[in-house]
Amino acid sequence: MDELKLLVETVAGLPTLTIWVLAGYLLYKLCVIGSVYGVIKYAIQKFVEWRTMPPPPLAPIEYKFGGFVINEDVSLALIAQLQRLASTNYIHAADVTKLRKAIDYIEQKDEK
């Protein structure tokens, strides 16, 4: 407590210009140190984001097949179904009829 009183008395005895110079110097130091710490914090934050964030998604891949455009999501399902079809040696005419009816139904539904 005595040290604080001594400090206050010392500062009170200084001329006004000296107090303003000391306050300006303190403000300058706070700005410089704050900006250095701010730059360091910003650099660390960007580094952490770079290491932890996944890369942005690539543009979807599209395939053109007989006038159709098939995107990547559909292509995997289509390839799986074609592999199922290729694994069997027998395709019944009823299967073709069911497929034709399903496509006709979807086309009629889309037209409405």
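Focus: the overall build of the protein
The helix and strand inventory of the protein stands at four helices and two strands. Ordering the α and β elements of the protein from the N terminus gives α-α-β-β-α-α. The C-alpha atoms of the protein give 38 Å as radius of gyration, which overshoots the globular expectation for 112 residues (13 Å, by more than 25%). Principal axes of the C-alpha set define a box for the protein whose edges measure 110 × 35 × 30 Å. For the protein, the exposed area adds up to about 11100 Å²; of that, 68% sits on carbon and sulfur atoms. Both charge centroids of the protein, one from 12 positive and one from 12 negative side chains, sit 5 Å from each other.

Things to note about helix H1 (residues 2-13)
Here H1 contains 12 residues, and its C-alpha end-to-end distance of 17 Å stays within 8% of the 16 Å for a straight helix at 1.5 Å per residue. Within H1, only zero of the 12 residues are buried, leaving the element largely exposed.

Digging into the packing of aromatic side chains
Tallied over the full model, the rule gives one aromatic pair. On the basis of an interplanar angle of 45° and a centroid distance of 5.8 Å, the ring pair of Phe47 and Trp50 is categorised as tilted. Of this pair, Phe47 and Trp50 both sit in helix H2 (residues 16-52), three residues apart, which is roughly one turn of the helix. The class for Phe47 is partly exposed, based on a relative accessible area of 49%.

Points about a negative patch on the surface
Taken together, the side chains of Asp104, Glu107, Asp110 and Glu111 make up a negatively charged region of the molecular surface. The exposure class assigned to Glu107 is partly exposed, which follows from its relative accessible area of 45%.

With respect to the environment of Leu82
Among the secondary structure elements, Leu82 is positioned in helix H3 (residues 72-87). Classification of Leu82 by relative accessible area gives partly exposed; the value is 47%. Sequence-wise, Leu82 and Leu6 are 76 residues apart; in three dimensions their C-alpha atoms are separated by 91 Å.

Details of the environment of Ala43
With respect to the secondary-structure elements, Ala43 resides in helix H2. Taking the C-alpha atoms as reference points, Ala43 and Phe68, 25 residues apart in sequence, are found 48 Å from one another.

Cut-offs and rules
Residues numbered from 1 in each chain as written. Predicted model: local features only at pLDDT ≥ 70, side-chain atom pairs only at ≥ 80, totals over all residues. Heavy atoms only, no water. Helix = DSSP H or I, 4+ residues; strand = E, 2+ residues; numbered from the N terminus. Rg over C-alpha atoms; globule rule 2.2 N^0.38 Å. Areas by Shrake-Rupley, 256 points an atom, 1.4 Å probe, with all protein chains shown as cover. Lys, Arg positive; Asp, Glu negative; His and termini not counted. Charge placed at Lys NZ, Arg CZ, Asp CG, Glu CD. Expected span 1.5 Å × (residues − 1). Buried < 20%, exposed > 50% of the residue type's maximum accessible area, 1.4 Å probe, protein only. Phe/Tyr/Trp six-rings, centres within 6.5 Å; stacked < 30°, edge-to-face > 60°. Patch = residues over 30% accessible without salt bridge, like charges linked within 9 Å, V, L, I, M, F, W, Y side chains within 5 Å. Salt bridge = Lys/Arg side-chain N within 4 Å of Asp/Glu carboxyl O.

All quantities given are derived from atomic positions and should not be read as evidence of function.
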